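Notes for the structure review
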Amino acid sequence: FFLLIMYNLSNLISGLRILLTVLLLVTEPLSALFFVVFILCGVSDVLDGYVARNFGLESDFGAKLDSLADIIFVFCFLISILPLLNLSYLMILWIICIVLIKVLVILFGFMKFGEIPLIHTYLNKITGFGLILLPFFLVLYSSNIFIIILSLMATFAVVEELIILISSQNLDLNRKSIIKK
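Residues numbered from 1 in each chain as written. Predicted model: local features only at pLDDT ≥ 70, side-chain atom pairs only at ≥ 80, totals over all residues. Heavy atoms only, no water.

1. Thoughts on the overall build of the protein
Secondary structure summary: the protein contains 7 helices and 0 strands in total. Expected size for 181 residues packed as a compact globule is a radius of gyration near 16 Å; at 17 Å, the protein falls within 12% of this value. Its C-alpha atoms put the protein at 50 × 40 × 25 Å along the principal axes. When burial is assessed residue by residue, the protein has 38% of its 181 residues classed as buried. Intrachain contacts of the protein at a sequence separation of at least 6 include 76% that bridge at least 24 residues. Total accessible area on the protein stands at roughly 11000 Å², and carbon and sulfur atoms take up 75% of it. For the protein, the centre of its 10 positive side-chain charges and the centre of its 11 negative side-chain charges are spaced 8 Å apart. (Helix = DSSP H or I, 4+ residues; strand = E, 2+ residues; numbered from the N terminus. Rg over C-alpha atoms; globule rule 2.2 N^0.38 Å. Buried < 20%, exposed > 50% of the residue type's maximum accessible area, 1.4 Å probe, protein only. Contact = heavy atoms within 4.5 Å. Areas by Shrake-Rupley, 256 points an atom, 1.4 Å probe, with all protein chains shown as cover. Lys, Arg positive; Asp, Glu negative; His and termini not counted. Charge placed at Lys NZ, Arg CZ, Asp CG, Glu CD.)

So, in structure tokens, the structure goes:
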């Protein structure tokens, strides 16, 4: 039993992140409990990859579970946090366009390669890090400047991902950028 748990530890951590993420939907946004759950989600995201790489537990299933956990996290996080933001209609439209393009990128990649193409580019990682910083900036600053910067990064990231998918013959989920393979 212990060996089974150890062999699947990184996947269990990803599964725990999915459960924790759903808790974001039922906690008061920006409350102490929200930040505890939010930080645990972030730590588990780093920890599952660390455990998988350093203990030889990497697997296709684990990578896909991690990507699924990332999608669920972003979805639940945005649902919980967006109502707090005083965004203009133009900003809301921009964010909706980013999400729709991301969905189209996923659908296009799935039709072309037969799997969900969540590419781990530098821009995607920077955008993810920006999302992690967002609630802290919301508590410290009332300005929407960070949201604009984050939306710009997300726009560049999703466009880069689309260009990579269009121009690639094979799907490389670990491709770093348009330039660097």
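That shown, we press on.
2. What to know about the layout of surface pockets
The computed volume of the second largest pocket comes to approximately 170 Å³. If you trace the second largest pocket, you find it lined by Ala63, Lys64, Ser67, Leu68, Ile71, Phe110, Gly114, Glu115, Ile116, Leu118 and Leu173. When residues in the lining of the second largest pocket are grouped by element, the largest group, 5 residues, is from helix H4 (residues 60-81). Taken together, the residues that form the lining of the second largest pocket break down as 7 nonpolar, 2 polar and 2 charged. (1 Å grid on protein atoms, 1.4 Å probe; cavity = no way out; pocket = protein on both sides within 12 Å on 5 of 7 lines; lining within 4 Å. Points joined across faces, edges and corners; volume = space filled by probe spheres on them. Nonpolar A, V, L, I, M, F, W, Y, C, P; charged D, E, K, R; others polar.)

3. Focus: the packing of helix H3 (residues 32-54) against H4
Running from amino to carboxyl end, H3 crosses H4 at an angle of 160 degrees, the nearest separation of the two axes being 11 Å. Taken together, H3 and H4 sit at an angle that is classed as roughly antiparallel. Crossing handedness for the pair H3 and H4: left-handed. Between H3 and H4, the residues in contact are Phe34, Phe38, Cys41, Asp45 and Asp48 and Asp66, Asp70, Phe73, Phe77, Ser80 and Ile81, respectively. The class makeup of the residues in the contact of H3 with H4 is 6 nonpolar, 1 polar and 4 charged. (Axes fitted to C-alpha atoms, helices over the stretch in contact; angles between N-to-C directions. Parallel < 35°, antiparallel > 145°, perpendicular 65-115°, else oblique. Left-handed = near helix turned anticlockwise from the far one by under 90°.)

4. Concerning a nonpolar patch on the surface
A contiguous nonpolar surface patch, about 560 Å² in accessible area, is contributed by Val22, Leu23, Leu25, Val26, Phe75 and Ile79. Counting only elements with at least two residues in the nonpolar patch, the list comes to helix H2 (9-24) and H4. Along the polypeptide, phenylalanine 75 turns up in helix H4. (Patch = residues over 30% accessible without salt bridge, like charges linked within 9 Å, V, L, I, M, F, W, Y side chains within 5 Å. Salt bridge = Lys/Arg side-chain N within 4 Å of Asp/Glu carboxyl O.)

5. Some remarks on the pattern of salt bridges
Once their charged atoms are close, side chains differing in charge can pair, the charge on each being opposite to the other. In total, this model carries 5 salt bridges according to the counting rule given. A salt bridge links glutamate 161 to lysine 102; the shortest N-O distance between them is 2.5 Å. Within this pair, whereas glutamate 161 is found in helix H7 (residues 145-167), its partner lysine 102 is found in helix H5 (residues 89-113), the two being separated by 59 residues in sequence. Counted as one network, the salt bridges with shared partners bring together Arg17, Asp45, Asp48, Asp66 and Asp70.

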